[in-house]
Amino acid sequence: MRAYTNPILPGWHSDPSCVYVAEQETFFCATSTFIAFPGLPLYASKDLVHWTLASNIFNRPSQIPSLAVTEDQQGGIYAPTLRYRDGKFYLIVSFLGPNVEGLVFTSDNPYDDDSWSKPVVFPVHGIDPDIFWEEDGQVYVTSADNNQIQHYTLDLATGEIGPVTYLWNGTGGAYPEGPHLFKKADGYYYLLIAEGGTETNHSATMARSRNRTGPWEPCPANPILSNRNTTRYFQTVGHADLFQDGQGHWWGVALSTRSGPEWVNYPMGRETVLTSGTWEDGEWPVLEPVNGIMKAPLPAKQELKNPINRPEHLTFAPGTEIPKHLMYWRFPEESSYVVSPAGHPHTLRLTPSAYGPSYNPASVTDPITFIARRQTDTLFSFSVDLTFSPSSPGVEAGISLFLTQEQHVDVSIVDIARSSSSPARVLQLKTYGRGNYNGSLSNATVEIPKQWVDRTVTLSLEAVDDTTYEFSASLASGPKERVYVGSADARILSGDTGRFTGTLVGVYASRAGHPGGNRTDFAYFSNWKYEGLGQKVDYDVVVPSY
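Cut-offs applied
Residues numbered from 1 in each chain as written. Predicted model: local features only at pLDDT ≥ 70, side-chain atom pairs only at ≥ 80, totals over all residues. Heavy atoms only, no water. Helix = DSSP H or I, 4+ residues; strand = E, 2+ residues; numbered from the N terminus. Rg over C-alpha atoms; globule rule 2.2 N^0.38 Å. Buried < 20%, exposed > 50% of the residue type's maximum accessible area, 1.4 Å probe, protein only. Contact = heavy atoms within 4.5 Å. Areas by Shrake-Rupley, 256 points an atom, 1.4 Å probe, with all protein chains shown as cover. Lys, Arg positive; Asp, Glu negative; His and termini not counted. Charge placed at Lys NZ, Arg CZ, Asp CG, Glu CD. Domains from an automatic or database assignment. Buried area = accessible area lost by both parts, 1.4 Å probe. Salt bridge = Lys/Arg side-chain N within 4 Å of Asp/Glu carboxyl O. Polar contact = N/O pair within 3.5 Å; in protein donor to acceptor, adjacent residues only side chain to side chain. Phe/Tyr/Trp six-rings, centres within 6.5 Å; stacked < 30°, edge-to-face > 60°. Lys NZ or Arg CZ within 6 Å of the ring centre and 35° of its normal. Pairing = 2+ DSSP bridges. Axes fitted to C-alpha atoms, helices over the stretch in contact; angles between N-to-C directions. Disulfide = S-S within 2.5 Å. Core = buried A, V, L, I, M, F, W, Y, C linked by side-chain atoms within 4.5 Å.

Participant: Help me understand the overall build of the protein chain, please; the structure alone is not making it clear to me.
Facilitator: A tally of regular secondary structure across the protein chain gives 0 helices and 39 strands. In terms of overall dimensions, the protein chain is globule-like: its C-alpha atoms have a radius of gyration of 24 Å, near the 24 Å expected for 546 residues. In terms of overall dimensions, the protein chain has C-alpha extents of about 80 × 50 × 40 Å along its principal axes. The proportion of buried residues among the 546 residues of the protein chain is 59%. In the protein chain, the proportion of contacts linking residues at least 24 apart, taken out of those at least 6 apart, comes to 60%. Carbon and sulfur atoms provide 47% of the accessible area of the protein chain, an area that totals close to 20,600 Å². Between the mean site of the 39 positive side-chain charges and the mean site of the 58 negative ones, the protein chain shows a separation of 5 Å.

Participant: Explain the side chain of His239 here, please?
Facilitator: Assignment of secondary structure puts His239 in strand 19 (residues 234-244). A relative accessible area of 5% means that His239 is categorised as buried. Leaving out residues up to four positions away in the same chain, His239 has contacts with Asp15, Pro16, Ala79, Asp128, Gly178, Ala194, His202, Ser203, Val253, Ala254 and Leu255.

Participant: Can you walk me through the domain arrangement of the protein chain in this structure?
Facilitator: Interfaces are frequently sized by the accessible area removed from exposure as the parts join. Taken domain by domain, the protein chain consists of domain 1 (2-260 + 276-296) and domain 2 (312-543). Placing the centre of domain 1 and that of domain 2 at their C-alpha centroids yields a distance of 34 Å. With 42 residues of domain 1 in contact, the opposing surface of domain 2 contributes 33 residues. Approximately 2,900 Å² of surface area, both sides summed, lies buried where domain 1 meets domain 2, with 61% of it carried by carbon and sulfur atoms. In terms of surface lost to domain 2, no three residues of domain 1 exceed Trp12, Gln73 and Tyr233, which account for 27% of the buried area on that side. The interface formed by domain 1 and domain 2 includes 0 salt bridges. Between domain 1 and domain 2 we count 18 residue pairs in polar contact (both at pLDDT 80 or more) in total.

Participant: Please clarify how the environment of Tyr111 should be interpreted in this entry.
Facilitator: Along the chain, Tyr111 falls in the loop between strand 9 (100-107) and strand 10 (120-122). Through-space distance from the C-alpha of Tyr111 to that of Cys219 is 38 Å; in sequence the pair is 108 residues apart. Once residues lying within four places of it in the same chain are set aside, the contact partners of Tyr111 are Gln24, Thr26, Phe28, Ala44, Ala54, Ser55 and Leu304.

Participant: Please explain the packing of aromatic side chains as it appears in this structure.
Facilitator: How two aromatic rings sit relative to each other is set out by the distance from centre to centre and by the angle between their planes. Under the definition given, this model contains 31 aromatic pairs. Relative to Phe234, the ring of Tyr233 lies with its centre 5.9 Å away and its plane at 90°, an arrangement referred to as edge-to-face. Judged by its relative accessible area of 8%, Tyr233 is buried. Residue Phe234 is classed as buried on the basis of its relative accessible area, which comes to 2%. In textbook terms, an aromatic cluster arises when at least three aromatic residues are bridged by ring pairs, as seen for Trp12, Phe34, Tyr78, Trp329, Phe370, Phe402 and Phe500. When the ring centre of Tyr140 is taken as origin, the NZ or CZ atom of Arg212, which lies over that ring, is 3.7 Å away.

Participant: Whenever I open this one, the pairing of strand 5 (residues 39-45) confuses me. Can you help?
Facilitator: Here is the key point about a regular strand: its side chains alternate between the two faces of the sheet. Judged by how many residues are buried, strand 5 sits mostly within the fold: 7 of 7 residues are covered. Two elements, strand 3 (residues 26-30) and strand 5, share 4 bridges in a ladder whose sense is antiparallel. Note on strand 5: the bridge partner recorded for Phe27 is Ser45. Counted between consecutive antiparallel strands, the loop separating strand 5 from strand 6 (residues 51-58) contains 5 residues, among which Leu48 sits at a positive phi close to 70°.

Participant: Would you mind showing me how to read the sheet that holds strand 9 here?
Facilitator: Strand pairing in a sheet takes place through backbone hydrogen bonds and is either antiparallel or parallel in direction. Read from one edge of the open sheet, 4 strands run 7-8-9-10, paired in antiparallel fashion. Of all strands in the sheet, those with a lone pairing partner are strand 7 (76-85) and strand 10, marking the two edges. Across this sheet, the average inter-strand angle for adjacent strands is 20°, counted without regard to direction. Pairing of strand 9 with strand 10 involves 3 bridges; the strand directions are antiparallel.

Participant: Explain the state of the cysteines here, please?
Facilitator: What we call a disulfide is simply a covalent bond connecting the sulfur atoms of a pair of cysteines. A complete count under the given rule lists 1 disulfide for this structure. Residue Cys18 pairs covalently with Cys29 via a disulfide, S to S 2.0 Å. Residues Cys18 and Cys29 share a disulfide whose torsion about the S-S bond is about 110°; that sign makes it right-handed. Pair noted here: Cys18 is in strand 2 (residues 17-21) and Cys29 is in strand 3, with a separation of 11 residues, a long-range link. Take Cys18 and Cys29: they sit in the same class, and that class is buried.

Participant: Explanation requested: the nonpolar core in the structure shown.
Facilitator: It is characteristic of soluble globular proteins that their nonpolar side chains tend to be buried jointly. Phe382 and Phe471 are the most contacted members of the largest nonpolar core, which has 87 residues in total. Counting residues domain by domain, this core receives three or more from each of domain 1 (2-260 + 276-296) and domain 2 (312-543). One finds Leu192, Ala204, Met206 and Val237 within the second-largest nonpolar core, a separate group that totals 21 residues.

Participant: Can you walk me through the sheet that holds strand 3 in this structure?
Facilitator: As summarised here, the arrangement of the 4 strands in space is 2-3-5-6, forming an open sheet in which the pairing is antiparallel. Strands at the two margins of the open sheet, each flanked by one partner only, are strand 2 and strand 6. Across this sheet, the average inter-strand angle for adjacent strands is 25°, counted without regard to direction.

Participant: Just to check I follow, could you spell out the pattern of salt bridges for this structure?
Facilitator: Should the charged atoms of two oppositely charged side chains come close, the side chains can pair. The final tally for this structure, using the stated rule, is 16 salt bridges. Between Asp86 and Arg85 there is a salt bridge whose closest N-O contact spans 3.9 Å. Ionic pairing is found between Glu217 and Arg208, a salt bridge with its closest N-O pair at 3.3 Å. Here the salt bridges share partners, and the residues they tie into one network are Glu134, Glu135, Lys183 and Arg212.

Participant: Even after reading the chapter, I still don't get the pairing of strand 6, so can you show me in this structure?
Facilitator: Taken across its 8 residues, strand 6 has 8 buried, putting it largely inside the fold. Where strand 5 meets strand 6, 6 bridges bridge the pair, whose relative direction is antiparallel. Residue Ala44 lies in a different strand from strand 6, and its bridge partner there is Thr52.

Participant: Would you take a moment to explain the side chain of Gln150 for this structure?
Facilitator: Residue placement: Gln150 occurs in strand 13 (residues 148-153). Note on Gln150: relative accessible area 2%, which makes it buried. Here the side chain of Gln150 touches His125 through a polar contact of 3.5 Å, side chain to side chain. A polar contact of 3.1 Å, which involves the side chain of Gln150, links it to the backbone oxygen of Asp145. Contact partners of Gln150, with chain neighbours within four places excluded, come to His125, Val141, Thr142, Ser143, Asp145, Val164, Thr165 and Tyr166.

Here is the structure:
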């Protein structure tokens, strides 16, 4: 037995689905991404502790073109199921865009973005589809719609589905969803679902039957996994998936928030947690309750290349591409992001969009110039160097703590009008939305020292505890002389319009709705650094990030 800490995929990694591929001796997990792009990250691990980003399953606009016009901040890609069969990976998912569609992606090389197919599109019933093969090779989908779990055949060549059979509506909890169907050597079909909603009553329950379509016998110990009605720091545990390793051990993954039962402060949103258990033939699975520090029969420690839990330093060197773990909100306008443009090596040049991380109220789905990574640590530091000399008042560039286009906190360099003839160049902190925070919102404007004007400035952000972010700035050439800009409460980035997502940390450039703003007021970002400083895994327990 070895100790490990939850979450195994920290930061916004909701609705996990995992498989073990014996011939590669590797575990693979995929999670939801809603309207972020690229989407559906596929992570790989040899030991269930050290993970690397293998590929992004949704990595080009042609795979889901309608993401571009998906308005809902909580729309897009919901709750995938990942499975492996006969040398091929299958990812099935619902897409909630202008229309609701079922999608099946396939690949025979999980480490290559380009290997992931355009999806087979099918008329999914509701959300959270699961894919299952019967012994004769027939493919079945099990999904959630109308507060029931539904079941039907799927032709993977044409996308045609068969008649619907209603399986089970759970044990009486709200929103039965997230189904996964298993068949074991004991002859039983097992149906695992989520119930209780994805808040503090969330849970995983199970039923079984000798026949694929029922009747179903509920597990007498339901729920088989939940932290509801407890005081544990990890709450909202549910939407689980089960898989077995090469040694016969059973594992469960689920989503969870580090919030305590108050469910107020959880800026990283729904994260992926791991638990171990047993599942004997003829019996029900028995899983350990989720905690921050756990022990289990983990495989031998073995890291893959490029593990995700390492300090990050991006230099945007000439000839390189934008790292594949960085994310946009919907599709980017690609010309707005240029690595090492002429005269500015080792920078990422951003062209300001009409609006910043906020949406254009007249056209919600207009692209925003914003690129970010997940916040993956309770305590962290983030900094980036910015060279920016706007020619138009109101044009801004800076860093953003982003939950949705309606909830974010930005610190930017901007010229603002004043009574004298020339505008003042300032550092500006602006808060959008309030989430679960009831206090006063702290916006701030700090005039930039004259000796900083037209020079490279380092913008810095630090999560100093689990409720407080602090923003500061300095000359890149003189980092010890810092100017404090202001702070923000983590509850601003919890709940409300972002209950299903998690905080992103990144950079942006914007004309901030000013029609006279100049699109050629380029912002040059460089020396991007992110370092985890600690993971809070219980009320009074913080462990090292690495």
